[in-house]
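Below, each chain spelled out in residue letters.
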Amino acid sequence: MSYDLEILAKMENGDYICIAEPKYSSPTYNLGRMFREAMDWDFYQGIIYNVADIFENIKRGISELECHPEKYVQYEPENKWGTVNDALDVLKSLRDCILEKDVETKYLYVRW
């Protein structure tokens, strides 16, 4: 099983439309605890979040995984389906996808 990451825009009628997907848009559930610990954010799957509210968490996760990978190795499963490097790739691709939109973060949303 995996998460499905999408970048969304909100339409005038209140519905959301997918406008982009990060390069690594389907990270394994095995990374869930590592993401939550590194980002200091207890996200829920399938929930839509305003990017302005969570972008600092994404950047924190990247910084934590880059600067302190040894702290997060403990969350890698024995089967290695979800490593620190995998988590870092996912968060970087999410950050980059958001920044590539060249839209203020308050107008973008992420479905985790």
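Now for a look at the structure at hand. (Residues numbered from 1 in each chain as written. Predicted model: local features only at pLDDT ≥ 70, side-chain atom pairs only at ≥ 80, totals over all residues. Heavy atoms only, no water.)

## Some remarks on the overall build of the protein
Here is step 1: Each helix and strand counted, the protein has 4 helices and 4 strands in total.
Here is step 2: Reading the secondary structure of the protein in the N-to-C direction produces β-β-α-β-α-α-α-β.
Here is step 3: Compactness check: the protein gives a C-alpha radius of gyration of 14 Å against a globular reference of 13 Å for 112 residues, within 12% of the reference.
Here is step 4: Taken along its principal axes, the extent of the C-alpha atoms in the protein is 45 × 25 × 20 Å.
Here is step 5: In the protein, which comprises 112 residues, the proportion classed as buried is 43%.
Here is step 6: Sequence-distant contacts in the protein: of pairs separated by 6 or more residues, those separated by 24 or more amount to 65%.
Here is step 7: When the accessible surface of the protein is totalled, it reaches about 6,500 Å², and 45% of it is carbon and sulfur.
Here is step 8: Charged side chains in the protein number 13 positive and 21 negative. The centres of these two groups are separated by 2 Å. (Helix = DSSP H or I, 4+ residues; strand = E, 2+ residues; numbered from the N terminus. Rg over C-alpha atoms; globule rule 2.2 N^0.38 Å. Buried < 20%, exposed > 50% of the residue type's maximum accessible area, 1.4 Å probe, protein only. Contact = heavy atoms within 4.5 Å. Areas by Shrake-Rupley, 256 points an atom, 1.4 Å probe, with all protein chains shown as cover. Lys, Arg positive; Asp, Glu negative; His and termini not counted. Charge placed at Lys NZ, Arg CZ, Asp CG, Glu CD.)

## A short note on the packing of aromatic side chains
Here is step 1: Counting across every chain of the model gives 10 aromatic pairs.
Here is step 2: Arranged with centres 4.8 Å apart and planes meeting at 80°, the rings of Trp-41 and Tyr-49 form a pair that is edge-to-face. With respect to class, Trp-41 is no different from Tyr-49; both count as buried.
Here is step 3: Judged by centre distance (4.4 Å) and plane angle (45°), the rings of Phe-43 and Trp-112 are tilted. Taken together, the positions of Phe-43 in the loop between helix 1 (32-39) and strand 3 (48-50) and Trp-112 in the segment after strand 4 (108-111) put the pair 69 residues apart, joining distant regions of the chain. Across the pair, Trp-112 and Phe-43 agree in class, each one buried.
Here is step 4: Taken together, the ring pairs connect Tyr-3, Tyr-29, Phe-35, Trp-41, Phe-43, Tyr-49 and Trp-112 into an aromatic cluster.
Here is step 5: When the ring centre of Phe-43 is taken as origin, the NZ or CZ atom of Arg-36, which lies over that ring, is 4.0 Å away. (Phe/Tyr/Trp six-rings, centres within 6.5 Å; stacked < 30°, edge-to-face > 60°. Lys NZ or Arg CZ within 6 Å of the ring centre and 35° of its normal.)

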